[in-house]
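Given next are the chains, with one letter for each unit.
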Amino acid sequence: MSGITAERAIPGAPPREPSYLTAKTGLASWLLTTDHKRIALLYMAAITVFFFVGGAGAVAIRIELFTPQADLLSADAYNRAFTFHGVIMVWFFLIPSIPNILGNFLLPLMIGAKDLAFPRLNLASWYIFMAAGGLAVYTLLSGGVDTGWTFYTPLTTAFSNGNVLAAAAAVFVSGFSTIATAVNFIATVHLQRAPGLTWFRLPLFVWAIYATSIVMVLATPVLAMVLALIFAERAFGIPIFDPLRGGDPILFQHLFWFYSHPAVYIMVLPSFGVISELVTCYARRRVFGYNFMVYAILWISLVGFLVWGHHMFVSGQSLFASLAFSLLSFIVAVPSAIKVFNWTATLYRGQIVFDAPMIYALGFIGLFTIGGLTGLFLASVPVDIHVTDTYFVVAHFHYIMVGGAVSALYGGLAFWWPKITGRLYPEGWARFAAIMMFFGFGFTFFPMFIMGYLGMPRRYHVYPEEFQVWHVLASAGAVILAFAYLLPMGFFAWSLIWGRRAPANPWGATGLEWQTSSPPPEENFHTPPVVEQGPYNYHPEHAGPPALEREQHQPQGRQP
Amino acid sequence: MSDIAARNAALRQPWRSLRRQREGAAFGIWIFLGSEVMFFGCALLTFAVYRSLWPDAFAAAARETNITYGTVNTALLLTSSLTMAAAAEGAAAGLRRLTLCCLAATVAFGIGFLVVKGFEYQEDITKHLVPGAGFRLEAPQAQIFFAFYWLLTGVHAVHLSTGIGIATVLGIQAWRGSRMLASPAFEALGLYWHFVDLVWVFLYPLLYLGGRS
Ligand SMILES: [Cu+2]
């Protein structure tokens, strides 16, 4: 982007005032901090570790699947590898990633608050998360779990040889952290907004985090109770889902998916928020249909609670139930489509700059669209019966969660990196990494649609030789993808020392977070902000010559 | 300490005023209780499904619970809600003696509940009402009823113990003077306590009154 002015340290210039990074020093000032910005960095450190841990599971899977025979892992070890990959990635990476890193850092800044509503609860939430992570690592070290991340009964309660109790406890405890953070976010949005910042002036990222938090608060406890039921049945032998004593294993699936479908929205709604911020900034346009974007987010989080049965078309639920859930699943796709259309319409006649965050955002829109549309394949009963438990399903949800959520996370990290650290990342490398992530992802997961459609079942470590070409393609793509994940970690770390210093608003973005210095002071704003206009006010009419000089001005919309 | 100084000491970051902070504490607790409703709701829904699947076994099993203990405990818990409400109101009004006495009474009623519950659990064990081998009733589905009996009352007791713990800490802090009566924690505790009470109001008819009409 043009207009970046690097502030080199000038001799004789006044020393920079202390930011939240430098205001206090020492390990205790980090581990006992109640500053939301520092807690966001604590989360970033922890979640990065879990990303590597969960990624190790993916590496083991992709190496094993390189050949049709079992060469690296036994059947049992393979079960443990994909279960561990799923459990870590879902509950210790995807669910906390954007809300707890970017949300924690940005939410108070975006609404002009000094901190989250309950700062100490925020720190407690991190410690609970770490305790849960410790349990998860203990699960791995004590042999792992072989049930799949879905914990289906009666496998988990009666037959599994893995350490189900530790895994269930880890996920259970992580739920406390999720709920604590969500309560904090909801209270903050309700009670800490700056004067003049009405609900319909909120940035869409805030709306997205708010809606996510509501889903977290209402869905996570259901998972907690289900896991408690599993735990009690396995540990104490009390029959809850035991068919021999009148229990119903299908009931478990209903309860599990009542949580786990909304959990998909917990993972992807925050990405919607990030993408809305990126697309508007790098197209220099107001978001198209702001109100519809807000209603779409709320609609998704509501209807998302009513579609869980689409995971159970072949589990023996009635055909009527399947049809109802199928219809509702089609309905929940409508607001997602609205969002994709509105992002696209925002690009129209925008002055698009292909900086790294924008490349991530465009990649997100493409991958999310494919993931969403294949979701509709799976939501229609006849197609689903054909591809149930195949790689088609694996490809579909990786398009949403990895193609979608991880692209948004990396795009968001790049976009807000100057705000978080006060340093600019190297743009060329970042563009390269963003493009590589898109293609690496495509090579890894698109072949899975094809082999899934051809009948390759998921969760097998050996397979017929006819599928090998697709698996080799996927494994090779995974190498590119892994490199695309590691490269930004490298240049982000590099930028901490050698990156150019970032001005307060390097991208010329709207939003309160850009009005304070980079990195922000401990109390966030030197003077408490007052809001007088709606979000994404790019090309304001009254801005006059300075704004016109910075970006070639073109009126928005059709010319008369 | 003057009133204004006391109020300033109770004000925490990032709140701008004590009124707003109090609002925030109550709001946060309400959201959290929404979460708790889903937590218990999940178990109660599962219970309801099984009850409609196996009505006879569930009715027979419910008759095995000890209604005397259950009723006494209901009375204890409802009374504790009264004292808790008085304590919260007393704290808001700055009435130190009333707050401390009512908090102590609340804790006492809560512990009384747990003691009665302990006797009841002991009797349940000697009557072979623990699901598994040697279970007292013939119908295997009756074991599901008692699975929920143990689970729901157990989870409720954990919640109650948490409430007792917090009430004790707040009481000691208020007594020592390290926590101002203006602190929003008393109202927050009150909301939580009433919720735990309310859960019992659902458990009592489901576990004790079923099959006894
Ligand atoms: Cu789903």
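Residues numbered from 1 in each chain as written. Chains lettered and ligands numbered in written order. Predicted model: local features only at pLDDT ≥ 70, side-chain atom pairs only at ≥ 80, totals over all residues. Heavy atoms only, no water.

**Structural notes on the overall build of chain A**
1) Next: Along its length, chain A carries 16 helices and zero strands.
2) Next: The C-alpha radius of gyration computed for chain A amounts to 24 Å, which stays within 12% of the reference 24 Å derived for 560 residues, consistent with globular compactness.
3) Next: Its C-alpha atoms give chain A principal-axis dimensions of about 75 × 55 × 45 Å.
4) Next: In chain A, which comprises 560 residues, the proportion classed as buried is 60%.
5) Next: Surface exposure of chain A reaches about 21100 Å², of which carbon and sulfur atoms provide 70%.
6) Next: Charge centroids of chain A, computed over 27 positive and 25 negative side chains, lie 9 Å from each other. (Helix = DSSP H or I, 4+ residues; strand = E, 2+ residues; numbered from the N terminus. Rg over C-alpha atoms; globule rule 2.2 N^0.38 Å. Buried < 20%, exposed > 50% of the residue type's maximum accessible area, 1.4 Å probe, protein only. Areas by Shrake-Rupley, 256 points an atom, 1.4 Å probe, with all protein chains shown as cover. Lys, Arg positive; Asp, Glu negative; His and termini not counted. Charge placed at Lys NZ, Arg CZ, Asp CG, Glu CD.)

**Some details on the overall build of chain B**
1) Next: Summing up its helical and strand segments, chain B has seven helices and zero strands in all.
2) Next: Ordered by position from the N terminus, the helices and strands of chain B form the series α-α-α-α-α-α-α.
3) Next: Taking the principal axes of its C-alpha atoms as reference, chain B extends roughly 70 × 30 × 30 Å.
4) Next: Across chain B, contacts joining residues at least 24 apart in sequence account for 79% of those joining residues at least 6 apart.
5) Next: Summing over all exposed atoms, chain B offers an accessible surface of approximately 9700 Å²; the carbon and sulfur share of this is 67%.
6) Next: Of note, chain B has its 16 positive side-chain charges centred 11 Å away from the centre of its 12 negative side-chain charges. (Contact = heavy atoms within 4.5 Å.)

**Some words on the interface of chain B and chain A**
1) Next: Tallying the contact residues gives 33 residues for chain B and 38 residues for chain A.
2) Next: Between chain B and chain A lies a buried interface of about 3000 Å² when both sides are counted; carbon and sulfur atoms form 72% of it.
3) Next: On the chain B side of the contact with chain A, P14, M38 and F39 of chain B bury the most area, a combined 18% of that side's loss.
4) Next: Seen at the junction of chain B and chain A, the total is seven residue pairs in polar contact (both at pLDDT 80 or more).
5) Next: Of all the secondary structure elements, the ones that give two or more residues to the side of chain B that touches chain A are α2 (18-53) and α6 (141-176) of chain B.
6) Next: Element by element, the count of residues in the side of chain B that touches chain A is highest for α2 of chain B, at 18 residues.
7) Next: The class makeup of the residues in the side of chain B that touches chain A is 20 nonpolar, nine polar and four charged. (Buried area = accessible area lost by both parts, 1.4 Å probe. Polar contact = N/O pair within 3.5 Å; in protein donor to acceptor, adjacent residues only side chain to side chain. Nonpolar A, V, L, I, M, F, W, Y, C, P; charged D, E, K, R; others polar.)

**A short note on the packing of helix α13 (residues 391-421) of chain A against helix α15 (residues 468-498) of chain A**
Residues and elements named next belong to chain A.
1) Next: Across the interface, α13 lies against α15 with an axial gap of 11 Å and an inter-helix angle of 15°. With respect to their mutual orientation, α13 and α15 come out roughly parallel. Handedness of the crossing formed by α13 with α15: left-handed. Of α15, the residues touching α13 (which contributes Y391, V402, V406, Y410, L413, A414, W417 and T421) are H471, A484, Y485, P488, M489, F492, S495 and L496.
2) Next: In terms of residue class, the contact of α13 with α15 is built from 13 nonpolar, three polar and no charged. (Axes fitted to C-alpha atoms, helices over the stretch in contact; angles between N-to-C directions. Parallel < 35°, antiparallel > 145°, perpendicular 65-115°, else oblique. Left-handed = near helix turned anticlockwise from the far one by under 90°.)

**Here we look at the UniProt feature "domain: Cytochrome oxidase subunit I profile" (unreviewed entry) in chain A**
1) Next: In the numbering used here, UniProt assigns the feature "domain: Cytochrome oxidase subunit I profile" (unreviewed entry) to residues 24-532 of chain A.
2) Next: The distance from the first to the last C-alpha atom of residues 24-532 of chain A is 34 Å, and the span holds 70% helix and 0% strand. (UniProt positions renumbered as here; feature names shortened; annotations may be inferred.)

**Some details on a nonpolar patch on the surface**
All names here are of chain A.
1) Next: Nonpolar side chains collect at one region of the surface, where I435, F438, F439, F443, L473 and I480 lie side by side and expose about 500 Å² of accessible area between them.
2) Next: Mapped by element, the contributors of at least two residues to the nonpolar patch are α14 (427-454) and α15.
3) Next: In terms of residues, the nonpolar patch owes the most to one element, α14, which gives four residues.
4) Next: With respect to the helices and strands, I435 occurs in helix α14. (Patch = residues over 30% accessible without salt bridge, like charges linked within 9 Å, V, L, I, M, F, W, Y side chains within 5 Å. Salt bridge = Lys/Arg side-chain N within 4 Å of Asp/Glu carboxyl O.)

**Some words on the packing of aromatic side chains**
Residue and element names in this part refer to chain A.
1) Next: Counted according to the given criterion, the structure contains 71 aromatic pairs over all chains.
2) Next: A ring pair is formed by F415 and W416, whose centres lie 4.9 Å apart and whose planes are at 75°; its orientation type is edge-to-face. Each member of the pair, F415 as well as W416, is classed as buried.
3) Next: The ring of W30 has R38 lying over it, and the distance from NZ or CZ to the ring centre is 4.1 Å. (Phe/Tyr/Trp six-rings, centres within 6.5 Å; stacked < 30°, edge-to-face > 60°. Lys NZ or Arg CZ within 6 Å of the ring centre and 35° of its normal.)

**Points about the side chain of S475 of chain A**
All names here are of chain A.
1) Next: Structurally, the position occupied by S475 is in helix α15.
2) Next: Note on S475: relative accessible area 6%, which makes it buried.
3) Next: A distance of 2.8 Å separates a polar atom in the side chain of S475 from the backbone oxygen of R62.
4) Next: Apart from residues lying up to four places away in sequence, S475 is in contact with R62 and F66.

**Digging into the pattern of salt bridges**
All names here are of chain A.
1) Next: Considering all chains together, one arrives at 12 salt bridges over all chains under this definition.
2) Next: Between E522 and K24 there is a salt bridge, with its nearest N and O atoms 2.6 Å apart. Here E522, found in the loop between α15 and α16 (545-550), pairs with K24, found in the segment before α1 (27-31); they are 498 residues apart in sequence, far enough to count as distant.
3) Next: For K24, a relative accessible area of 46% translates into the label partly exposed.
4) Next: When salt bridges with common partners are traced through the structure, they connect D355, E427 and R431 into a single cluster.

**Quick notes on the UniProt feature "transmembrane region" (unreviewed entry) in chain B**
Residues and elements named next belong to chain B.
1) Next: If you check UniProt for "transmembrane region" (unreviewed entry), the listed places come out as residues 25-47, 98-116, 147-170 and 191-210 in our numbering.
2) Next: The span residues 147-170 carries 100% helix and 0% strand; its end-to-end C-alpha distance comes to 35 Å.
3) Next: Across residues 191-210, helical content stands at 95% and strand content at 0%; the span's end C-alpha atoms are separated by 28 Å.

**Thoughts on helix α3 (residues 75-110) of chain A**
Residues and elements named next belong to chain A.
1) Next: The end-to-end C-alpha separation of α3 is 49 Å, in line with the 52 Å expected for 36 residues at 1.5 Å each.
2) Next: At P96, α3 shows its largest kink, close to 55°.
3) Next: Most of α3 sits inside the fold, with 32 of its 36 residues counted as buried.
4) Next: Positive backbone phi, approximately 70°, marks G112, located one or two places after α3. (Expected span 1.5 Å × (residues − 1). Bend = angle between axes of the 7 residues up to and from the residue.)

**Here we look at the state of the cysteines**
1) Next: Under the counting rule described, the total for this entry stands at zero disulfides over all chains.
2) Next: The thiol sulfur of C101 of chain B is not disulfide-bonded, and the nearest other cysteine sulfur, from C102 of chain B, lies at 6.8 Å. (Disulfide = S-S within 2.5 Å.)

**Things to note about the confidence of the model for chain A**
Residues and elements named next belong to chain A.
1) Next: Across chain A, the average pLDDT comes to 90, with 93% of residues at or above 70.
2) Next: Confidence drops under a pLDDT of 50 for residues 1-14, and excluding neighbours within four residues, the segment shows 19 contacts in the predicted structure.
3) Next: Low confidence marks residues 552-560, where pLDDT is under 50. Its contacts with residues over four positions away, or in another chain, come to 17 contacts. (pLDDT = per-residue confidence, 0-100.)

**Notes on the environment of I400 of chain A**
All names here are of chain A.
1) Next: Its place among the elements puts I400 in helix α13.
2) Next: For the pair I400 and F368, spaced 32 residues apart in sequence, the C-alpha separation works out to 5.5 Å.
3) Next: In contact with I400, not counting residues within four places along its chain, are V264, V268, F368, G371, G372 and A405.

**Notes on unusual backbone geometry**
Residue and element names in this part refer to chain A.
1) Next: In this structure, the amide linkage connecting T153 to the following residue, P154, adopts the cis form with an omega of -5°.
2) Next: In this structure, P154 sits in the loop between α4 (119-141) and α5 (155-159).
3) Next: Residues S518 and P519 are joined by a peptide bond in cis, for which omega reads -10°.
4) Next: Within the secondary structure, P519 is located in the loop between α15 and α16.
5) Next: One non-glycine residue, Y536, lies in the positive phi region at around 55°.

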